[in-house]
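Analysis of the macromolecular model
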Amino acid sequence: MTIDIMMPFYGDPGLFRDAVESVRAQEDGDWRLVVIDDVYPDRAPGEWVSSLGDARIHYVRNEVNLGVSGNFTKSVELVEAEHFVLMGCDDLMEPGYIATMRDAIAHHPDGSYFQPAVTVIGDDGRPSLPLADRVKSWYRPKKTETAVLSGQELAVSLLRGNWTYFPSICWNTAAVRRHGFDAAFDVVLDLALQLDIVLDGGSLVLLPDHTFRYRRHAGSVSSWRAQDGTRFDEERAFFLDAKARLRARGWRRAARVAGRHWSSRLNAATKLPGAIAKRDGAGLRALSRHILRGW
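Keep in mind the model is a prediction, meaning the values are calculated, not measured.

Turning to the side chain of S112, a few remarks are in order. The residue S112 is located in the loop between α4 (97-107) and β6 (113-121) in this model. Look at S112 and you get buried, because its relative accessible area is 7%. Non-local contacts of S112, meaning those with residues more than four positions away in its chain, are made with W171, N172, A175, I197, G202 and S203.

Laid out in structure tokens, this is it:
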């Protein structure tokens, strides 16, 4: 049972090499890596990965820049296996990641997606735990063994605070293709996909082992959009839509959580001092709008 690893690329060439090498170092070699170059200006990274001479590694360069959701959609189109990972080009797999996922899939064949425990690292590769990830650890269900989550309970858990790490997730291909990525989103597209799957009766398999290293740095889309408040306009639109959908399903508790979206509002509140210090009027208005609207 091969697992496809789809790796959209547009970023630091050095971190990209480390990400690819972490895949090559897997103890279980039954994987296929597809690098999708989103027209990165320097062709050297693509030439390097093409020169590796590994039949399991494939390199594709887009004709035009597709952006985040567009490149994710193309990645899913190129998947051939029944399960896949949409890995960040600056993240790292622990050597046992593929073996752990193959075992989890064998024991839970009906699982829609599989979330391992992750180690958060900084730009320098060292373990790091900034505020965003401390909050994620508070919201993550406290399970010491493998657990299967689904239904309204899972929806409530995710909407209180999205504790999952999208690049570390192993997805059931059919479950993702039934829904796809919403082109309206850049920051919350992973949470939107998860909610679609949960509403469709899907399940998340939560794994206790740390088999992935997620790199947290200020250059990410979610980080820089948080600074000017635009990410919160997107988040608010998502949560209000989710509230309506959950009400229609009869999941009233999940609908209330979506409508309040406390963790998103509190995150916006942490950005206020930075906006004030920079005298960023537009950012301050966007942040205040998100924090206060609906109260």
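Here the narrative resumes, following the displayed structure.
Bridging between strand β2 (residues 31-37) and strand β3 (residues 57-61) involves five bridges; their strand directions are parallel. Bridge pairing links D37 to R61 in β3. With helix α2 (residues 44-50) bridging β2 and the parallel β3, this β-α-β connection has right-handed handedness.

The subject of this paragraph is the nonpolar core. In terms of nonpolar packing, the biggest core is built from 44 residues, with F84, Y113, L154, W171, F181, F238 and L246 touching the most fellow members. The leading source of residues in this core is helix α8 (residues 189-199), at eight residues. When neighbours within four sequence positions are excluded, L154 is seen to be in contact with Y113, L149, W163, V198 and L204.

Turning next to the packing of helix α6 (residues 151-160) against α8. To describe two helices that pack against each other, one gives the angle between their axes and the distance between the axes. Where α6 meets α8, the closest approach of the two axes is 10 Å, and the angle between their N-to-C directions is 165°. Considering their axes alone, α6 and α8 lie roughly antiparallel with respect to each other. The chirality of how α6 crosses α8 is left-handed. Residues G151, L154, A155 and L158 of α6 pack against L191, Q194, L195 and V198 of α8. Here the contact of α6 with α8 is built from residues that sort into six nonpolar, two polar and no charged.

Turning to the pairing of β6, a few remarks are in order. Most of β6 is tucked away: eight of the nine residues are buried. In terms of strand pairing, β6 meets strand β9 (residues 203-215) through eight bridges, oriented parallel. Directly across from T119, in β9, lies its bridge partner R213.

Cut-off values and rules
Residues numbered from 1 in each chain as written. Predicted model: local features only at pLDDT ≥ 70, side-chain atom pairs only at ≥ 80, totals over all residues. Heavy atoms only, no water. Helix = DSSP H or I, 4+ residues; strand = E, 2+ residues; numbered from the N terminus. Buried < 20%, exposed > 50% of the residue type's maximum accessible area, 1.4 Å probe, protein only. Contact = heavy atoms within 4.5 Å. Pairing = 2+ DSSP bridges. Right-handed = clockwise from strand over helix to strand, strands pointing away. Core = buried A, V, L, I, M, F, W, Y, C linked by side-chain atoms within 4.5 Å. Axes fitted to C-alpha atoms, helices over the stretch in contact; angles between N-to-C directions. Parallel < 35°, antiparallel > 145°, perpendicular 65-115°, else oblique. Left-handed = near helix turned anticlockwise from the far one by under 90°. Nonpolar A, V, L, I, M, F, W, Y, C, P; charged D, E, K, R; others polar.

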